[in-house]
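Coordinates in review
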Amino acid sequence: MSDRIHLSRAHVTEVEEKYVLDALRSGWVAPLGPMVDRFEREIAERCGVAGALALSSGTAALHLALLDVGAAPDTVVVLPSMTFAASANAVAYTGAEPVFVDSAEDANIDVDLLVETVSALQNEGRTVAAVMTVDLFGRACDYTALGSRLDDLGVPLIEDAAEALGATHAGRPAGSFGRAAALSFNGNKIMTTSGGGMLLSDDTDLLDRARYLSTQARQPAAWYEHTEIGYNYRMSNILAALGIGQLERLDSMISRRREIRSRYAAGLADVDGVTFLGRDQGGDAEDNYWLTCITLDPAKITSDPTAVMAGLDAAGIEARHVWKPMHLQPVHADRRAALTGVSERLFATGVTLPSGSELTDDQIDRVISETRLLLEAR
Ligand SMILES: *Cc1c(COP(=O)(O)O)cnc(C)c1O
């Protein structure tokens, strides 16, 4: 492979090789098997929930969670504008209308604006089937500020924790805050099964129903009997084996990503106008450090993110914009959104730096020195 420095690559070792080989040799190749059961138990324990359902993607987990709380045509699901498209796609699959809410300064959803928006919708007579929070870039939302305010409004919470496995908020694991939560094991997430996801919940009835829907909604009969439409959403035994190996190494991968963020912070500390998302707003001790994002204050730095990324690209370094807000996406152009301007500002000023746990100190130092060259003081 080239010596290009990537944003966040799958980081796989002999540990994973052994589990995958064991799964292959055991004869449990597909679809389900003991590795799936074990992976579900271990993830549920890690996230402090009663149960987990291994699926083919995080998007599938969100879809099933939303179906369970009754997201459907003529209902609304309120979610952050700044997120990956999958969060909003899952809402659209159900036929519910996504309504977007702007960010707080750390990019996560603005909790006060969220509660206000839900109340306003209810006052208009709309049925808010769910709120979906997203724990962005590996940082949990401010669930302390959210408290029981959604319970008071009678609206269930679905937690999109796809980016946040291993993070906590007030000591409680990401993935344990909603009635149901979704994790992703996509290729560039904090850990991977090459592709996969997990639905988490304390509600075993919810998980049972999701399990049934995830396997084509087959009724318990001797033949293939179906009374409703289902999905093909389960994870295979081979991929679960990869997940078990990754989970064994999760803490070491999080530590490495934490070291990388600290190295960036030290290496850019004297550059006026650079802010670290999360780290510079209340601290990031509980994050999983999935991606390190900086923002460039245009009052102090003339180079904009697009120019910085192009310069880094020419130097063999992959950097990215932060998520482009959903209310700016052509596909959601006519959707309702509660806006303050924060997510647009973060999108206009944010740069996501290479953050993968396989990156060496030398590679991070190269990113730091190239970035410093590209940041011109005003
Ligand atoms: C990655 C991601 C997902 C989707 O996960 P997949 O496993 O790729 O389907 C959902 N939401 C967010 C915020 C994500 O970053």
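Residues numbered from 1 in each chain as written. Predicted model: local features only at pLDDT ≥ 70, side-chain atom pairs only at ≥ 80, totals over all residues. Heavy atoms only, no water.

1. Some words on the UniProt feature "active site" (unreviewed entry) in the protein chain
This chain's UniProt record puts "active site" (unreviewed entry) on Lys-189. With respect to the element layout, Lys-189 can be found in the loop between β8 (180-184) and β9 (197-201). Setting aside anything within four residues of it in sequence, one finds Lys-189 in contact with Ser-8, Ala-162, Glu-163, Ser-184, Arg-257 and Trp-290. (UniProt positions renumbered as here; feature names shortened; annotations may be inferred. Helix = DSSP H or I, 4+ residues; strand = E, 2+ residues; numbered from the N terminus. Contact = heavy atoms within 4.5 Å.)

2. So, the packing of helix α3 (residues 58-68) against helix α4 (residues 85-94)
Running from amino to carboxyl end, α3 crosses α4 at an angle of 45 degrees, the nearest separation of the two axes being 9 Å. Judged on the interaxial angle alone, α4 and α3 are oblique. The two elements α3 and α4 meet at a crossing, and its hand is right-handed. Each of Thr-59, Leu-62, His-63, Leu-66 and Leu-67 in α3 lies in contact with α4, whose residues at this interface are Ala-86, Ser-87, Ala-90, Val-91, Tyr-93 and Thr-94. Each residue belonging to the contact of α3 with α4 can be placed in one class, and the counts come to seven nonpolar, four polar and no charged. (Axes fitted to C-alpha atoms, helices over the stretch in contact; angles between N-to-C directions. Parallel < 35°, antiparallel > 145°, perpendicular 65-115°, else oblique. Left-handed = near helix turned anticlockwise from the far one by under 90°. Nonpolar A, V, L, I, M, F, W, Y, C, P; charged D, E, K, R; others polar.)

3. Some points on the domain arrangement of the protein chain
Under the domain assignment, the protein chain is made up of domain 1 (14-248) and domain 2 (250-374). Residue-level contacts link 43 residues of domain 1 with 38 residues of domain 2. Contact between domain 1 and domain 2 buries roughly 3500 Å² in total, counting both sides, with carbon and sulfur atoms accounting for 54%. When the area that domain 1 buries against domain 2 is broken down by residue, the three leading residues are Phe-100, Phe-137 and Ile-190, summing to 22%. If you look at where domain 1 meets domain 2, you find four salt bridges. (Domains from an automatic or database assignment. Buried area = accessible area lost by both parts, 1.4 Å probe. Salt bridge = Lys/Arg side-chain N within 4 Å of Asp/Glu carboxyl O.)

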